[in-house]
Amino acid sequence: MSQASTEASSDKVTVNYYDEEGTIPIDQAGLFLTAIEISLDVDADRDGVVEKNNPKKASWTWGPEGQGAILLVNCDRDTPWLPKEDCSDEKVYSKEDLKDMSQMILRTKGPDRLPIGYEMVLYISMSDSDKVGVFYVENPFFGQRYIHILGRKKLYHGVKYTGGSAELLFFVEGLRFPDEGFSGLVSIHVSLLEYMAEEIPLTPIFTDTVTFRIAPWIMTPNILPPVSVFVCCMKDNYLFLKEVKNLVEKTNCELKVCFQYINRGDRWIQDEIEFGYIEAPHKGFPVVLDSPRDGMLRDYPMKQLLGPDFGYVTREPLSEYVTSLDSFGNLEVSPPVTVNGKTYPLGRILIGSSFPLSGGRRMTKVVRDFLHAQQVQAPVELYSDWLTVGHVDEFMTFVPIPGTKQFRLLMASTSACYKLFREKQKEGHGESIMFKGLGGMTSKRITINKILSNESLVQENLYFQPVPRPTSPIPVQQLAQGGLGLGGMTSKRITINKILSNESLVQENLYFQRCLDWNRDILKKELGLTEQDIIDLPALFKMDEKRQARAFFPNMVNMIVLNKDLGIPKPFGPHVEEVCCLETHVRALLEPLGLVCTFIDDISAYHKFLGEVHCGTNVRRKPFTFKWWHMVP
């Protein structure tokens, strides 16, 4: 049949039967034919429009010439009164919700009605039933109502055949991200079924299939432009907030403050969440990944971030013990890189882990499995368990080179610090003091006059005064294990000479440098970097009672990156000619690249609790312009 029939049984084939010698038929039979066009269609060529009967719609291939439709997990919340994401129920409350879904059209052409004994069915497999949902518009001309026809416990739906040339529009939503045991591919089928006899199942005589890939969750590296900076308001970080606000005002992005009634004493907003996004040809939106850490900020992403075109996803371990390595200061992503001819146009995810064979802390399997299953940012495991907190952001970060597509990897380096201090010692600055002027009153006689004349202390307490008290007690998370203590020399006069002559400190930092070098080698190999791509920032660490590392002075690599502007922890290093030599050294390394260094005092609000600027802030960035489906994993 070359075209669809206009009427049922409108075409006929006559069959004549002859005996062996005869020329005249001894019997005759008629075969009545009805031709019906059936096509289940999606946007298989990824141009945002549902085309007709694409020959590659049932398969999915990567690359710029690839074919196959894309589906978003409907993980935002377009309806304010719903408690969870839109995909958590089987209802559609608004047309905004439909815009998050991919369209699927069933096109039919044929007679006014199907011949008796035939029907059409739309269906999915049992294995896909918890991964995809399908909605259909009922009564499109009399108050549209969107009914849920496939997904969860609904495996099939009888489709009404309307006759003539018809198009039935369906809306398809993703329910689950790719994960361990789920590649992200789902298929939907339509079949024409034929009735044979009573008590015999209907038999499919034609089936058309479409395949979707659920869009992966994608992280955004430091080289992408910032949209919003997030920071918690605490009782002790007024001056820190002020400095971050000044930095953000220079960068054309907005500052979002998480107030105390929301954060409940938890300042580590970097550890609680990681911002990313999802994208299909027709739409994309940001999605926050909630860590299994579950501090006092645990309700923040669901209650404050989830909303219209802002999605939410989390992975909770069922049996594994959650450690500090499950906080998302231990989750970073590189800029785009090429490694041995293999291109990673969206960069590679970096997570900290334990030393091979050490049996130490490691990020929970459910989170690692989730990150690997996204496929587009192939994760790399680094060695971070040598640190007390154990996060990769304690020894590395990436910065863009303004005006180019290039970047630099910044790494903490104890050898760079000792080298700098020895140079200053040779120049005659061995008695230069570290932590000079810290708090303005260190090791001095504190009098009423000094308290009243300390302007920063006055401003802090003016800020604390109007904060409303909660109506009922709120338990506050223990944020640190006793504070750092600045290498055991808090109340002493710490000079370059004393640091260089402290043999135990020297030996400890030789060991820590070996840990850093181990990671350096991994990063060079897995990201295709050379020594010219890496800049060493001076750092010192002190060994704790478990023989793990804590920053001796504020760790400058733990910075916030906002385009060319860097918010760097103020190191309070030795003063040479009234200027911190550590700050001078870092400026000399970074400012020739076009970067602007702003040093932020975080020592009392973050450093003493084993964190720095990056740990206490978070950044949502613009998505890549590169389309993830154009790459080949």
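Here the structure is a predicted model, which means the values were calculated and not measured. (Residues numbered from 1 in each chain as written. Predicted model: local features only at pLDDT ≥ 70, side-chain atom pairs only at ≥ 80, totals over all residues. Heavy atoms only, no water.)

Student: Break down the sheet that holds strand β18 (residues 311–314) for me, with residues and values.
Tutor: Read from one edge to the other, the open sheet built from four strands follows the order β13-β16-β17-β18, with strand pairing classed as mixed. Only two strands of the sheet have a single neighbouring strand rather than two, namely β13 (218–219) and β18. Sheet topology note: the strand β17 (residues 283–290)/β18 ladder contains four bridges and is parallel. In the sheet register, V287 faces β18, and the bridge partner there is G311. (Pairing = 2+ DSSP bridges. Helix = DSSP H or I, 4+ residues; strand = E, 2+ residues; numbered from the N terminus.)

Student: Give a description of helix α11 (residues 503–527) that names residues and reports values.
Tutor: An α-helical turn contains 3.6 residues, so any two residues separated by three or four positions project in the same direction. For α11, built from 25 residues, the straight-helix expectation of 36 Å at 1.5 Å per residue is met to within 8% by its first-to-last C-alpha distance of 36 Å. Looking one or two places after α11, you find G528, whose phi comes out positive at around 65°. (Expected span 1.5 Å × (residues − 1).)

Student: Talk me through the sheet that holds strand β14 (residues 226–232); I want residue IDs and the actual numbers.
Tutor: The mixed open sheet is built from three strands, whose spatial order is β15-β14-β34. In this open sheet, the two strands that pair with only one neighbour each are β15 (254–258) and β34 (617–621). Each neighbouring strand pair of the sheet contributes to a mean axis angle of 25°, computed without reference to strand direction. Inspection of the sheet shows β14 paired to β15 by five bridges, in the parallel sense. Directly across from C232, in β15, lies its bridge partner C258. Packing against the sheet, helix α2 (residues 238–249) makes contact with β14, β15 and β34, and its axis sits at approximately 175° to β14. (Axes fitted to C-alpha atoms, helices over the stretch in contact; angles between N-to-C directions. Contact = heavy atoms within 4.5 Å.)

Student: Quick one: what's the story with the packing of helix α7 (residues 414–426) against α11, residue by residue and with numbers?
Tutor: Contact pair α7 / α11: the axes reach a minimum separation of 8 Å and the direction vectors enclose 135°. Classified by the angle their axes make, α7 and α11 are oblique. Residues T414, S415 and Y418 of α7 touch α11, and the partners they reach there are L505, V506, N509, F512, Q513 and L516. Partitioning the contact of α7 with α11 into residue classes produces five nonpolar, four polar and no charged. (Parallel < 35°, antiparallel > 145°, perpendicular 65-115°, else oblique. Nonpolar A, V, L, I, M, F, W, Y, C, P; charged D, E, K, R; others polar.)

Student: Explain the pattern of salt bridges residue by residue, including any values.
Tutor: Tallying each qualifying case throughout the model produces 34 salt bridges. The salt bridge involving D130 is made with K131; its shortest N-O contact spans 3.1 Å. Among the salt bridges present, the one from R293 reaches D266, with a minimum N-O distance of 2.9 Å. Of this pair, R293 sits in the loop between β17 and α5 (300–305) while D266 sits in the loop between α3 (260–263) and α4 (269–272), and the two are 27 residues apart along the sequence. Given a relative accessible area of 15%, R293 falls into the buried group. Several salt bridges converge on common partners, so that one network encompasses D41, K57, R107, E167 and D208. (Salt bridge = Lys/Arg side-chain N within 4 Å of Asp/Glu carboxyl O. Buried < 20%, exposed > 50% of the residue type's maximum accessible area, 1.4 Å probe, protein only.)

Student: Would you mind going over the side chain of D385 in detail, with residue names and values included?
Tutor: Take D385: it is sitting in the loop between β23 (380–383) and β24 (396–400). A relative accessible area of 12% places D385 in the buried class. Apart from the residues within four sequence positions on either side, D385 is in contact with L325, S353, S354, G360, R361 and Q548.

Student: If you had to explain empty space enclosed by the protein to someone new, which residues and values would you point to?
Tutor: All told, the structure shown has four cavities of 30 Å³ or more when counted by the stated rule. Here the largest cavity defines a volume of roughly 210 Å³. Around the largest cavity sit 19 residues that line it, and N222, E274, E332, H614 and R621 are the ones nearest its centre. Elements with a contribution of two residues or more to the lining of the largest cavity: β16 (273–280), β19 (331–333), β24, β29 (560–562) and β34. It is β34 that provides the largest number of residues to the lining of the largest cavity, a total of four residues. Split by residue class, the lining of the largest cavity holds nine nonpolar, seven polar and three charged. Of the voids in this model, the second largest cavity is the one considered here, and its volume is about 130 Å³. With three residues, strand β28 (residues 549–551) is the largest single contributor of residues to the lining of the second largest cavity. Among the residues making up the lining of the second largest cavity, the classes are represented as seven nonpolar, five polar and three charged. (1 Å grid on protein atoms, 1.4 Å probe; cavity = no way out; pocket = protein on both sides within 12 Å on 5 of 7 lines; lining within 4 Å. Points joined across faces, edges and corners; volume = space filled by probe spheres on them.)

Student: So what's going on with unusual backbone geometry? Residues and values would help.
Tutor: Of note in this structure, R152 is not a glycine but carries a positive phi near 55°. Structurally, R152 can be placed in the loop between β8 (145–150) and β9 (156–159). Taking the relative accessible area as the measure of exposure, R152 reaches 26% and is therefore partly exposed. Unlike most non-glycine residues, R264 shows phi in positive territory, near 50°. Relative to the assigned elements, R264 resides in the loop between α3 and α4.

Student: Describe the packing of aromatic side chains, listing the residues and the values that go with them.
Tutor: Evaluation of the coordinates by the stated rule reveals 20 aromatic pairs. A centroid spacing of 5.8 Å and a plane angle of 35° characterise the contact between W386 and F512, whose relative ring orientation is tilted. With W386 in the loop between β23 and β24 and F512 in helix α11, this residue pair connects regions lying 126 residues apart in the sequence. Taking the relative accessible area as the measure of exposure, W386 reaches 2% and is therefore buried. Taken together through their ring pairs, the aromatic side chains of W386, F395, Y511, F512 and F541 make up a single cluster. When the ring centre of W60 is taken as origin, the NZ or CZ atom of R46, which lies over that ring, is 4.1 Å away. Between K131 and the ring centre of F182, over which it is positioned, the NZ or CZ distance is 5.1 Å. (Phe/Tyr/Trp six-rings, centres within 6.5 Å; stacked < 30°, edge-to-face > 60°. Lys NZ or Arg CZ within 6 Å of the ring centre and 35° of its normal.)

Any functional reading would require information that these geometric values do not contain.
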